[in-house]
Each structure stands twice: as C-alpha cells, then as structure tokens.
There are 2 protein chains.
Amino acid sequence: MESVKKRLTEFSLEAHELYLNSSVPYLDGSPEPLLFFRDWIAPNKPVIIRNAFSHWPALNRWTPEYLREKVGSKVISVSVTPNGYADAVSGDRFVMPEERKMTFSAVLDVIQGKVQQRGVLYVQKQCSNLLDELPELTDDLEPHVPWMSTALGKLPDAVNFWLGEASAVTSSMYQPAVYHQTDDGDFKVIDQSDSKKVPWIPLDPLDPDLDRYPQYIRAHPISFSVKAGEMLYLPSLWFHHVQQSHGCIAVNFWYDMEYDIKYNYYQLLDTLSEDAGSS
Amino acid sequence: MESVKKRLTEFSLEAHELYLNSSVPYLDGSPEPLLFFRDWIAPNKPVIIRNAFSHWPALNRWTPEYLREKVGSKVISVSVTPNGYADAVSGDRFVMPEERKMTFSAVLDVIQGKVQQRGVLYVQKQCSNLLDELPELTDDLEPHVPWMSTALGKLPDAVNFWLGEASAVTSSMYQPAVYHQTDDGDFKVIDQSDSKKVPWIPLDPLDPDLDRYPQYIRAHPISFSVKAGEMLYLPSLWFHHVQQSHGCIAVNFWYDMEYDIKYNYYQLLDTLSEDAGSS
C-alpha cells in the first residue's frame, strides 16, 4: 500500500502542475457555450462569472420590503439548527436540521434581527424550492442559465433559493440523525434508526482535526468570495464549504453530472484512497 | 497489491457499464462543434463520421493516374520493412523502418504490382508530410477539419499522408533499432545505441502472447473498418492497431491533446497498472 500512497501523492501534485489553478479565476460576461465547455466543464475547474445575470430584475428588486410584499405570507420550509450547521456531522452523527414551516415574513423578522430566536434559520431546501415554494419570484430571474443549458445540452434538475445568515457545511459514513427543538428551546439529536448511513465529510476545514485526518495536510483548499452579482461555476465532485458573511440570498441551478470517463476515474481514485487510508 | 489489481479490474468493468460502447458508432455529416465536444471529445470516445468530407476534390481525383501526373516525379520519404510492421517491436527491439527516398511514381509502381520489390513500402511519415512533401495536393482537400478546429479551439499540429498496402502496428520499454536493407536484399536490424528506450506496445492484438501478457485477456478490443469517405475520430490515449485491406490512401489530422484532468487520471492509472503488473 505504500506504493499506492506514493502514487496518490504524485497524482495530487501533478494535478496542480498540469491544470489546477491556485485561485478561482474570473470571467466577465456570459461565456460562449463551447468555450465554457472546453475551458471549464471538460477540465472540471471552478470559475466565477461576473455580469452573467445583470439583466435579472431580482438583482435590484429583492429587498426585504419587496419580498415581504410579494411572498411575505407564504409558508416556506426552513432548516433550524442550534449552530447553523445544516446537513453536517456532529460527534458520530450526521445530523440534519429540524425542518420547520414558517412564513417568509417570520423568517425575515429573524434574519433582520426584529425577532430573537434560539437556533439558526436557513432556507436551504435543495429540491427546487424556488419553483415549488416561491413561484411568485420566478419572474425576477431566468428559469435556467441559458449558456450553461446550451453547453450541457440539458436543463437544470433543480433551482434552489437560499436565504440565511448561517454557515453551511457541505462535507464518511454516518448514522443520520435529526435536530429537534424541545419546548424549552433546547435542541435534541434524534437518531433516524431506519435510515442508511450517509457518506459525508466529517472534517471542518475551518478547524481541521489533523490527528484524526492527517492526510488533510496534503489538501490544497482554495478560498474565495462570491459577491453580489457574481455567479460561481462549481464543478461536480468538488468538496466545498460555504459560509455567508452576512444575511444574503442566493439562487443555485443544479445540473446533473455526466457519469462518464471522469466519474469512472474518480471512483477508482475514491476506492484506492479508501484502501490506502485504511491500511 | 491484490486490492489494487481488484480495483483496476472493477475500474475497467465499470468503464464499460458507464460510458463505453462495444462498437464504434456512426455520425452522418459534419457535426456541430459543441455537440461533438460534449458527446465524443469530453468522454474520449471514438466515432466514425460519414459524409464529413464529401466536398473534398481528393475523393474523386486521387487516382493513380492523377497522382502520377501531379506528383509522380516528386521524391518522398518511404518506410521500408521486411514485413510491413513500421515502428514495431521485433524480439526485444523496437525496430523502426528503413527510411528511403523514392519518387512517388516508383512507390505507386510497387503498390500497383508493376514492379516487384522485397520488403513492404509504406508512406507514413508522421510529421505533416502532406503539407511538406506534397504541397501540390493540398488544393484537393481542406487544410484542417473546420468543425474539429472550432471544437478544440486550435489547428492540427500535423497533416499526414498515408499510402501503402502494409499493416501498421501501433502498440514497455525497448532498445530502438532500425531496419536496413543490405545489397543482397536482406533486412538487418541495427541498434541505435545512442537512443533512449522507447515506450511501446509489445503485444500483437492479432496474435496476443497470453503467456507473457496474461492481463490482455481482460482487454475489450473493438474492431471496425473505416471505409472510403469515412472519417475516424480516434481520441487521445487509445491504443490502436491499423491494417489496410488493400492499397489505399489516408489523410490524418493530428490535434494535440490537452494535458488536463483526464491525462492526470490516466497517468495515475498507468503507474498503478505498472506497479500491479510488476508485483
């Protein structure tokens, strides 16, 4: 297994020598679909696109006042956690947030600091909640990213609306559990005994446990900020961690990945890493 | 190393389940560059394109008579071997052909059977010989494949002219040697002692030595014929073996590969296979 470890280390170093950037580059304006496919999708590299949706009314319209007026009375799904970590690992449990139904206005009240609330709210339901729960807002944006749909030859599987102040950690196999807030305001972790174990990243990149995960020392994390009006292309199979600097709204478009040569290679890499790690 | 071998076997099986075809499919007509990139270049899959160069005058013009008239007196580089195997492994040597200068007409005389010759002739110099040695023929075809150049965002590195009846074997590290025909017509193998060893495929797919290369049993070779008027897209890093059913001419356009994520993964696979094979 030592030779496999050596090969994996070489592989990682060579990736950086060959094609990976040490920071996320910027493009200006909606790219031409073929060029975007060739330069970013095919090599699976992240990039930030500026001025790609300057024409969306949402950029100017989406103020708390407008949203209260337009969808304030709508009941939406909100994730509630004690610490802002939705879908994350806590101890040896993969704890999912408590799912609560609230009006959009009530969520804004908390996010704007008008109402105090124990626990952190995060509108982050990842099943096309923009189209399903907030159809009144769809006139404020395009239903997909036209040049991306042309490049990939398909429409997004989901269009999601994110609203919150909290940090979200997108990160092995864990017993799923779910947070539940009791009447006295405390949060309990409740096991979901009928669920399969969930593959997830147990490591917190902001405070990596190097005793437990010594290989993380070889990782080359790239940090960057996505600002208002900017669009991030996050390729498939890139581990990521998202934090918000302040209360903000984001929209994401999920396009299904291709299960082709890159996925085939990735699976090989994943199983070899697991073998090498457990030896 | 047993677990690595197991992983490599799974990798190969999964490649076929995920995305590889068991035969080479056909497209009709010049494809749209983005579609071709997405469907064939990105997944690195071979395909035959019909009617992609029906407009080339070469398709009708290139008869022995026309070629004798147009370029018959031109001196060209011809590979000469005892058995038709140019650039191939013989015993423990990587033997390159004798490079001979002949007039185009003299080559045609041999290929048309008008003159008997010991040894097999093959016009197969792979350094843009069409443009360099036979510029008189360039009006008969396009200097590149427009939709491919658009897809890849670059022009071909080389445009090569192939003429011969012989089989060519493109297939490990070997001591390079070169054939040299002696005055009595015999072929000698002469070592090139100052050359580096050459990585090549020592296995003949028409008669694989499974005692020596038992892993070949796991290979899934795909056989197909490329007929007059058809164009083969052969992706980078695909081992291939070319035979000709009869005397024929081919033109190939070499576009440089991208040394990006797929090459990075391929290098890992290559080194792991070597480790696993030598253990």
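The coordinates are above.
The rules behind each value
Residues numbered from 1 in each chain as written. Chains lettered and ligands numbered in written order. Predicted model: local features only at pLDDT ≥ 70, side-chain atom pairs only at ≥ 80, totals over all residues. Heavy atoms only, no water. Helix = DSSP H or I, 4+ residues; strand = E, 2+ residues; numbered from the N terminus. Buried < 20%, exposed > 50% of the residue type's maximum accessible area, 1.4 Å probe, protein only. Areas by Shrake-Rupley, 256 points an atom, 1.4 Å probe, with all protein chains shown as cover. Least-squares fit on C-alpha atoms with pLDDT ≥ 70 in both. Contact = heavy atoms within 4.5 Å. Buried area = accessible area lost by both parts, 1.4 Å probe. Salt bridge = Lys/Arg side-chain N within 4 Å of Asp/Glu carboxyl O. Polar contact = N/O pair within 3.5 Å; in protein donor to acceptor, adjacent residues only side chain to side chain. Pairing = 2+ DSSP bridges. Axes fitted to C-alpha atoms, helices over the stretch in contact; angles between N-to-C directions. Expected span 1.5 Å × (residues − 1). Arc of directions from axis to C-beta. Parallel < 35°, antiparallel > 145°, perpendicular 65-115°, else oblique. Nonpolar A, V, L, I, M, F, W, Y, C, P; charged D, E, K, R; others polar. Phe/Tyr/Trp six-rings, centres within 6.5 Å; stacked < 30°, edge-to-face > 60°. Lys NZ or Arg CZ within 6 Å of the ring centre and 35° of its normal.

Our focus in this paragraph is the overall build of chain A. Within chain A one finds eight helices and 13 strands. Relative to its full complement of 279 residues, chain A shows a buried share of 42%. Only carbon and sulfur atoms are counted for the fraction: they give 51% of the accessible area of chain A, which is about 14700 Å².

Looking now at the relation of the copies chain B and chain A. In screw terms, the move from chain B to chain A is a rotation of 180 degrees and a rise of 0.0 Å along the axis, fitting with an RMSD of 0.0 Å. What the rotation and shift describe, once combined, is the action of a two-fold rotation axis. Closest approach to the rotation axis within chain B is made by the C-alpha atom of Leu 34 of chain B, at a distance of 2.6 Å. When you check the interface residues of chain B against chain A, 100% turn up at the interface there too, and the contact is symmetric in its surfaces.

Opposite the 35 residues of chain B that make contact, chain A presents 35 residues. Summed over both sides, the interface between chain B and chain A buries roughly 3300 Å², with carbon and sulfur atoms accounting for 68% of that surface. Three residues stand out in chain B for area buried against chain A, namely Arg 7, Asn 264 and Tyr 265 of chain B, and they jointly supply 20% of the buried area on that side. For Arg 7 of chain B, the salt bridge identified is with Asp 275 of chain A, shortest N-O distance 2.8 Å. In this assembly, chain B and chain A are joined by eight residue pairs in polar contact (both at pLDDT 80 or more). When residues of the side of chain B that touches chain A are traced back to their parent elements, those giving at least two are α1 (2-18), α2 (33-41), α7 (146-152) and α8 (261-278) of chain B. The biggest single contributor to the side of chain B that touches chain A is α8 of chain B, with twelve residues.

Residues and elements named next belong to chain A. For helix α5 (residues 104-111), the tally of buried residues reaches six of eight residues, placing the bulk of the element in the interior. Every buried residue of α5 is listed here: Phe 104, Ser 105, Val 107, Leu 108, Val 110 and Ile 111. Of the residues trailing α5, Gly 113 is marked for its positive phi of about 80 degrees.

A separate point is the sheet that holds strand β1 (residues 26-28) of chain A. Residue and element names in this part refer to chain A. Taken in spatial order, the three strands of this open sheet run β1-β2-β12, and their pairing is mixed. The outermost strands of the open sheet, each flanked by one partner alone, are β1 and β12 (230-233). Strand-to-strand twist in this sheet, taken as the mean axis angle between neighbours without regard to direction, amounts to 25 degrees.

All names here are of chain A. Of the strand pairs in this sheet, β1 and strand β2 (residues 47-50) are connected by three bridges, and their pairing is parallel. Within β2, the residue paired with Tyr 26 across the bridge is Ile 48. Pairing of β2 with β12 involves four bridges; the strand directions are antiparallel. What sits directly across from Ile 48, in β12, is Leu 232.

Here the focus is the environment of Leu 134 of chain A. Residue and element names in this part refer to chain A. Tracing the chain through its elements places Leu 134 in the loop between α6 (129-133) and α7 (146-152). According to the relative accessible area criterion, Leu 134 is buried, its value standing at 2%. Counting along the chain gives 64 residues from Leu 134 to Lys 70, while the straight-line C-alpha distance between them is 9.6 Å. Apart from residues no more than four positions distant in its own chain, Leu 134 is found in contact with Val 71, Ile 76, Phe 104, Asn 129 and Phe 161.

All names here are of chain A. Here helix α1 (residues 2-18) is 17 residues long and its end C-alpha atoms lie 24 Å apart, about the 24 Å a rise of 1.5 Å per residue gives. Of the positions making up α1, those classed as buried are Val 4, Arg 7, Leu 8, Phe 11 and Ala 15. Looking straight down α1, one finds that the buried residues subtend no more than 100 degrees of arc, so they occupy a single side. Facing away from the buried surface of α1 by more than 90 degrees, the exposed residues are Glu 2 and Glu 17.

Turning our eyes to something else, we now look at the pairing of strand β3 (residues 75-81) of chain B. Residues and elements named next belong to chain B. Among the seven residues that make up β3, six are buried, leaving the element largely enclosed by the rest of the structure. Bridge count for β3 against strand β6 (residues 98-103) is six bridges, and the pairing is antiparallel. The residue bridging Ser 77 from the neighbouring strand is Lys 101, located in β6. Here β3 pairs with strand β7 (residues 120-123) via three bridges, running antiparallel. Bridging from a neighbouring strand, Val 80 pairs with Leu 121 of β7.

On to the packing of helix α4 (residues 64-71) of chain B against helix α5 (residues 104-111) of chain B. Residue and element names in this part refer to chain B. Contact pair α4 / α5: the axes reach a minimum separation of 9 Å and the direction vectors enclose 160 degrees. On the basis of their axis angle, the class for α4 and α5 is roughly antiparallel. Along the contact surface, α4 presents Pro 64, Leu 67, Arg 68 and Val 71, while α5 presents Phe 104, Ser 105, Leu 108 and Asp 109. When grouped by side-chain class, the residues that make up the contact of α4 with α5 number five nonpolar, one polar and two charged.

A separate point is the side chain of Asn 264 of chain A. Turning to its location among the elements, Asn 264 of chain A is positioned in helix α8 (residues 261-278). Judged by its relative accessible area of 1%, Asn 264 of chain A is buried. When sequence neighbours within four positions are dropped, the list of residues in contact with Asn 264 of chain A reads Phe 11, Glu 14, Ala 15, Leu 18 and Tyr 19 of chain B.

To continue, consider the packing of aromatic side chains. This model, assessed by the stated rule, comprises 20 aromatic pairs over all chains. Measuring from ring centre to ring centre gives 4.8 Å for Tyr 259 of chain A and Tyr 263 of chain A, while their planes differ by 80 degrees; the resulting arrangement is edge-to-face. Classification of Tyr 263 of chain A as buried rests on a relative accessible area of 18%. Seen in terms of ring centroids, Phe 104 of chain B and Phe 161 of chain B are 5.8 Å apart; in terms of plane orientation they differ by 55 degrees. Their pairing is tilted. One end of the pair, Phe 104 of chain B, is in helix α5; the other, Phe 161 of chain B, is in strand β8 (residues 158-164), with 57 residues separating them in the sequence. For the pair Phe 104 of chain B and Phe 161 of chain B, a shared accessibility class is recorded, and that class is buried. Aromatic ring contacts, followed pair by pair, group Phe 11 and Tyr 265 of chain A together with Phe 11 and Tyr 265 of chain B into a single cluster. The ring of Tyr 26 of chain A has Arg 50 of chain A lying over it, and the distance from NZ or CZ to the ring centre is 3.7 Å.

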